[in-house]
Amino acid sequence: MTKHQRDDKAFELGKIDSSDSMPQRGGARSYQVVNDGTDDQFILYGYSRSVARTIIAWIFIVLTVGFLRLVFYWKPHWFLRCCCTRADLAVAQYVLLKDRYQQWYVETVLIINTNPNSAHSNDSRNFVSTNPSSCDSLSERQQADDPDSHRYFINKRWRYVWEEAEYKFKKILGIEENVKCEYFSQIRPLTVEQRAQKKIIYGENSISLRLTPILHLLIREVLSPFYIFQLFSCLSWFLDEYVAYASCIMFITVVSVIVTLREVRKNERALRDTVHQSEVTTVVIYNSETNEEEQRDIISEDLVPGDIIIIRGSTTMQCDAALLNGNVIVNESMLTGESIPVTKVQIPYYQSSSDHSALNQTFDIREHNRFILFSGTSVIQTRYYGAGDVRAMVLRTAFGTAKGELVRSILYPKPVDFKFNTDTYRYVGGMALIAFGGMIFSMVLRIIRREPVSVIIKRTVDIITIAVPPALPAALSAGLVYAQNRLKKDNIFCISPRSINICGSINTVVFDKTGTLTEDGLDLQCVVPIIRTYNTTNDPRQVQFGSEITEVTNLNWREDEAQSMIIVCMAACHTLTRINGELAGDPLDLKMLAFTQYELYEPAANEQSNFDTLFPTIVRPINTPKDVASPLGRFSGSVSSLIAGNIPFEIGIVRQLPFSSSLQRTSVIVRILTKDSFDLLTKGSPEKIAELSRPETIPKNFNDILSSYAKQGYRVLALAYKPLELNYVKIQRIEREKVENDLIFLGLVIMENRLKPQTEGVLKILSNANIRTIMCTGDNMLTALSVARDCDMIPDDAKIIVIEATESNRTPTFTYAQVFNRRVKEVSYDLNSHRLIELDRRSPYHFAISGKSFQIVRDEHPELLHRLCVRGTVFARMLPEQKQQLIETLEELG
Ligand SMILES: Nc1ncnc2c1ncn2[C@@H]1O[C@H](COP(=O)(O)OP(=O)(O)OP(=O)(O)O)[C@@H](O)[C@H]1O
């Protein structure tokens, strides 16, 4: 085994880690692992040209009449290995990349000058710094040679630059990487000079896709192995006077090539037109001579990371940017597919240096996404404080942005059609093998019969052209075009015809529940408040669930202050907003607000309207007189007495802590106009709210009541609140984890979980096509199981086995869902004997598992994971990352 092969093997086995692979100064190692642990992970080898090897390679190319060159065209890494020698990455002229899907790429190492005044600097081929603050350090590092010259290569639109200090290639990252949050408390606009340098470093902010010239497309298509074989077959038929048949095949092939090229061109054009956008943006520039800020309008292509831009209403973001001040309402449907207005709030670290723990956190674009405006999303409305502008700082540009990543995933999809391709090659290979046997047999026979050499050659070649169908590529392209047209009739537009083949091999479809299988806007069935009673003997407060309330007027305000807080919580705990006068937001929040008979009032909700810190979004009972807003604290007494006495009052939403799937809750901090303190209102999954609430405020039969509703398929949310003894400034800055605890539990809200009219039909079609369906939801297990039964994802006669692993008992247990706590006898799981799951294969059973148990199985019993996924139908309370892990496991299963 050569060293190269050993490295490959180690990479496949995951034995090369980043520290191991780090090349050493002096060139002892000539490979490295890049993007360790990500989908983009690859191993990188350095190569340098060798004149002797190149000459030898070309001699062989000539000897094979160019056929070897054709093989090298198909396998460029063979060509590289034949013409070059392994070299230290610090001096390599070429790099050979092998990704985790065993695909090879050959890239040329380029050199660029980053000095804006240099005659050699060239905007379009610039490289990008790996760190926002590294421009200066890069220059220092490389002063020995030309400090402005840097080596880099491009792969899949990412740029990788040679970092001399670390002695390795590093992917160019945006500003958000490797910075602490305090970075945002120190920023100021860039000067013209800094912008010029950054423009050279980061290049143009454009996701531009150039159309491949027709000639290139033609060569690429015609030189594919299938077409070459076809050409070879037709030539042999012509020589054999098989003219009519050969002409027909040639004609079909030419038509198929033309149709394919036309489709490819059309797709390229469609993708280019879809992704390419340009807008005029106002950027703030620091004038170092006058020490003042200036505003300039520039085209978005000229934006660079670090720029401070001004956001004005109704625009589409052309970069990823962190919001520095004001609030912005955006539609992120381009990224998430959900057309719900999302409120982005200013990054709290900007112009603040008081909260040191927050400042020391590492900035993470996923974790802090509520402060980030993503490229491609549309800004619906902007609001700002006082006379200021809504400002944002550009973090990532071009292909580094969220939109850029999306486009990259279209351009360079994961090779998921791998099986289809291997099957095709296997089939052709099998046929070729049979043909080869036939060829030998025919050749031997004809030699024995002493037939002329020309006849022997013709007949022998003939066999292979018959056994391997040369019209296969033409037939495949024709099939694709036909399929594409059929899809068009159903209004399904396909920009990548290759994906149609992939769809043909789909055997599992994973659905989420809410908004996909069930309706988005769920009807509110009832509210189950908790009531407090007093045990007269030893007097501790007792909490228990009250009866179901279907009309808001039936809530008993006088009973308890907490009962009044239910209405306050349902009315104010959301992120609804008014857009052009219309209330917009999560349909669930809209339904709850409607139930309370409160209205949302935004003092100045016009586009770019100012809003004052003392004048936040307000909710109040419908028909509240307009002048109630002043003065604060006009009424005294409890909220329950206000509501019960029909005294008009308002609730000001001071801070929103938006919903996140992983947190399973939404919170707001409000000030009720009677109180001189703030309250935290929280709404979320019952399990999460119970976890965050004080135990003494939760009724003892909480689990039983929750299960009884969930079993009937209701979607259940819980409400809680907490009075806060904090001042306004602290309220604005405090981290959500520090306030969302010790809550007072208020009750449950029961929502109807109606199936969409088309759900059952679609599931039936899939089941008839032998396609497995899986539900992967963030909702409660029992609710999910009930919905799975209702929509026939799990038929009535099938058994459901719940797999559970807990922190205390990490060995999975198996119980029947129908008969609570009955252990499943047919299943055995014995770690020692490696007897995993033994169950009658013919009996129809489905596994169901919750996110927490899934995580434990994945971490501690990976050997069980595949079996679990093969029979798993319901995955409930799954966090977003667990949903992704499930899909990846299913992909692994093929
Ligand atoms: N707007 C909201 N405010 C507060 N809590 C919510 C809100 N929306 C959902 N939840 C709670 O958070 C849980 C997780 O939500 P998530 O969006 O991950 O999944 P889901 O909406 O229940 O279902 P699915 O994954 O099928 O879409 C929900 O089950 C619900 O209890």
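Note that this is a predicted model, so its numbers are computed, not measured.

**Quick look at the nonpolar core**
Generally speaking, nonpolar side chains in soluble globular proteins are found buried as a group. Core analysis: the largest hydrophobic core is formed by 36 residues, its most contacted members being Leu 524, Met 570, Ile 651, Val 670, Leu 681 and Val 749. Of all the elements in the fold, those that place two or more residues in this core are β21 (524–534), α18 (561–572), α19 (587–596), β25 (598–601), β28 (651–660), β29 (665–672), β31 (715–724) and β32 (744–751). The leading source of residues in this core is α18, at eight residues. Excluding anything up to four places from it in sequence, Val 749 contacts Leu 524, Cys 526, Met 570, Met 592, Arg 715, Val 716, Leu 717 and Leu 719.

**Topic: the sheet that holds strand β8 (residues 158–163)**
Strand order across the open sheet formed by four strands is β6-β7-β8-β9, with antiparallel pairing between neighbours. Only two strands of the sheet have a single partner each, and these edge strands are β6 (110–113) and β9 (168–171). The mean angle between the axes of side-by-side strands here comes to 40°, regardless of whether they run parallel or antiparallel. Here strand β7 (residues 149–155) pairs with β8 via four bridges, running antiparallel. Each residue of the ladder has a partner; that of Phe 153, found in β8, is Tyr 160.

**Quick word on the packing of aromatic side chains**
The final tally for this structure, using the stated rule, is 20 aromatic pairs. Both rings, one in Trp 162 and one in Tyr 167, keep their centres 5.2 Å apart while their planes meet at 70°; by these two values the pair is edge-to-face. What makes Tyr 167 buried here is its relative accessible area of 9%. One aromatic cluster is present, formed by Phe 42, Phe 153, Tyr 160, Trp 162, Tyr 167 and Phe 169 through successive ring pairs. The aromatic ring of Phe 79 is capped on one face by Arg 69, whose charged end is 4.4 Å from the ring centroid. Sitting over the ring of Trp 162, Arg 151 keeps its end group 5.7 Å from the ring centre.

**Focus: the UniProt feature "transmembrane region" (unreviewed entry) in the protein**
Residues annotated in UniProt with the feature "transmembrane region" (unreviewed entry) correspond here to residues 55–72, 217–238, 244–262 and 427–448. Regarding residues 55–72, the helix share stands at 83% and the strand share at 0%, and the terminal C-alpha atoms are separated by 15 Å. Annotated as residues 427–448, this span is 100% helix and 0% strand, and its ends, taken at the C-alpha atoms, are 32 Å apart.

**With respect to the sheet that holds strand β14 (residues 320–325)**
One open sheet accounts for six strands, arranged β11-β10-β12-β19-β14-β17; its pairing is antiparallel. Unpaired on one side and paired on the other, β11 (292–299) and β17 (372–373) mark the two borders of the sheet. In terms of strand pairing, strand β12 (residues 308–310) meets strand β19 (residues 391–396) through three bridges, oriented antiparallel. The residue of β19 that forms the bridge with Ile 309 is Ala 392. Contacting β10 (280–287) and β11, helix α7 (residues 192–202) crosses the sheet at an angle of about 125° to β10.

**Details of the state of the cysteines**
Per the counting criterion, the structure on display carries zero disulfides. Between Cys 83, a free cysteine, and Cys 84, which holds the nearest cysteine sulfur, the sulfur-to-sulfur gap is 6.0 Å. Overall, Cys 83 belongs to the buried group, its relative accessible area being 7%. Free of any disulfide, Cys 569 has its nearest neighbouring cysteine sulfur in Cys 573, separated by 4.8 Å.

**So, the site of the ligand**
Looking at the ligand, there are 19 residues lining it, with Lys 513, Thr 666, Arg 715, Thr 777 and Lys 883 nearest. Within the backbone of Thr 514, one N or O atom sits 2.9 Å away from an oxygen atom of the ligand. Arg 715 places a polar side-chain atom, nitrogen or oxygen, 2.8 Å from an oxygen atom of the ligand. Of all the elements in the fold, those that place two or more residues in the shell around the ligand are β30 (678–684) and β31. In terms of residue class, the shell around the ligand is built from two nonpolar, eight polar and nine charged. Shared between two domains, the shell around the ligand takes at least three residues from each, and those domains are domain 4 (524–751) and domain 5 (759–893).

**Describing unusual backbone geometry**
Phi is positive for Arg 157, close to 70°, though the residue is something other than glycine. Among the secondary structure elements, Arg 157 is positioned in the loop between β7 and β8. Look at Arg 157 and you get partly exposed, because its relative accessible area is 34%. Positive phi is not limited to glycine here, since Tyr 167 has a value of about 60°. Along the chain, Tyr 167 falls in the loop between β8 and β9.

**Things to note about the layout of surface pockets**
Reported here for the second largest pocket is a volume of approximately 1,300 Å³. The wall of the second largest pocket is formed by 42 residues, among which Glu 687, Asn 780, Met 781, Glu 804 and Ser 850 lie closest to the centre. Secondary structure elements with two or more residues in the lining of the second largest pocket: α21 (686–692), α22 (702–711), α26 (781–790), β34 (799–804), β35 (813–816) and α27 (851–860). Residue classes in the lining of the second largest pocket are distributed as 15 nonpolar, 15 polar and twelve charged. Taken domain by domain, the makeup of the lining of the second largest pocket includes at least three residues from each of domain 4 (524–751) and domain 5 (759–893).

**As for the pairing of strand β1 (residues 31–34)**
Both faces of β1 are covered, namely the face carrying Tyr 31 and Val 33 and the face carrying Gln 32 and Val 34. When β1 meets strand β2 (residues 42–49), the two strands line up antiparallel, connected through four bridges. Considered in β2, the bridge of Val 34 is made with Phe 42.

**A short note on a negative patch on the surface**
A cluster of like negative charges, contributed by Glu 760, Asp 790, Asp 792, Asp 796 and Asp 797, occupies part of the molecular surface. Mapped onto the elements, Asp 790 comes out in helix α26. Overall, Asp 790 belongs to the partly exposed group, its relative accessible area being 46%.

Conventions used here
- Residue indices follow the written sequence of each chain, beginning from 1 at its first position.
- In keeping with the predicted nature of the model, local features appear solely for residues at pLDDT of at least 70, side-chain atom pairs appear and are counted solely at 80 or more, and the whole-chain, interface and lining totals rest on all residues.
- Hydrogens and water are ignored here; the side-chain numbers use all heavy atoms of the structure.
- Take the buried residues of types Ala, Val, Leu, Ile, Met, Phe, Trp, Tyr and Cys, join any two whose side-chain atoms come within 4.5 Å, and each joined set is a nonpolar core.
- Three labels apply to residues, based on accessible area from a 1.4 Å probe with only protein chains included: buried if under 20% of the type maximum, exposed if over 50%, partly exposed otherwise in between.
- Starting at the N terminus, helices and strands are each numbered in turn, a helix being any DSSP run of H or I of at least four residues and a strand any DSSP run of E of at least two.
- Only heavy atoms matter for contacts: two residues are in contact if any of them lie within 4.5 Å across the pair.
- Pairing between two strands is assigned when DSSP locates at least 2 bridges connecting them.
- Lines fitted to C-alpha atoms define the axes here, with helix axes fitted over just the stretch in contact, and angles between the N-to-C directions of these axes take values from 0 to 180 degrees.
- Within 6.5 Å between ring centres, the rings of Phe, Tyr and Trp (the latter by its six-membered ring) count as paired, and their orientation is classed by plane angle as stacked under 30 degrees, edge-to-face over 60, tilted in between.
- When the NZ atom of lysine or the CZ atom of arginine is within 6 Å of a ring's centre and also within 35 degrees of its normal, the charge is said to sit over that ring.
- UniProt positions are given in the numbering used here, feature names are shortened, and annotations may be inferred rather than shown by experiment.
- Throughout, disulfides are identified as pairs of cysteine sulfur atoms within 2.5 Å of each other.
- For this purpose, a residue is taken to be near a molecule or strand whenever a single non-hydrogen atom of the residue falls within 4 Å of it.
- Two N or O atoms count as a polar contact when they lie within 3.5 Å, although within protein this holds only if one can serve as hydrogen donor and the other as acceptor, and sequence-adjacent residues are included solely when both atoms are side-chain atoms.
- Gly counts as polar in this scheme, as do all residues outside two lists: the nonpolar Ala, Val, Leu, Ile, Met, Phe, Trp, Tyr, Cys and Pro, and the charged Asp, Glu, Lys and Arg.
- An automatic or database domain assignment supplies the residue ranges for each domain.
- Here a cavity denotes a set of grid points, spaced 1 Å apart and computed over the protein atoms alone, in which a 1.4 Å probe fits but from which it cannot get out, and a pocket denotes an open set meeting protein on both sides within 12 Å along at least five of seven lines; residues with an atom within 4 Å of a point are reported as lining.
- Grid points are joined across faces, edges and corners, and a volume is the space filled by probe spheres set on the points.
- Each patch is built from salt-bridge-free residues with over 30% relative accessible area, joining like charges within 9 Å and nonpolar side chains (Val, Leu, Ile, Met, Phe, Trp, Tyr) within 5 Å.
- Note on areas: Shrake-Rupley with a 1.4 Å probe; residue coverage comes only from the protein chains shown.
- We define a salt bridge as a contact between a side-chain nitrogen of Lys or Arg and a carboxyl oxygen of Asp or Glu at a distance within 4 Å.
- Counted charges follow a simple rule, with Lys and Arg positive, Asp and Glu negative, and His plus the chain ends left uncounted.
- The atom standing in for a charge is NZ when the residue is Lys, CZ when it is Arg, CG when it is Asp and CD when it is Glu.

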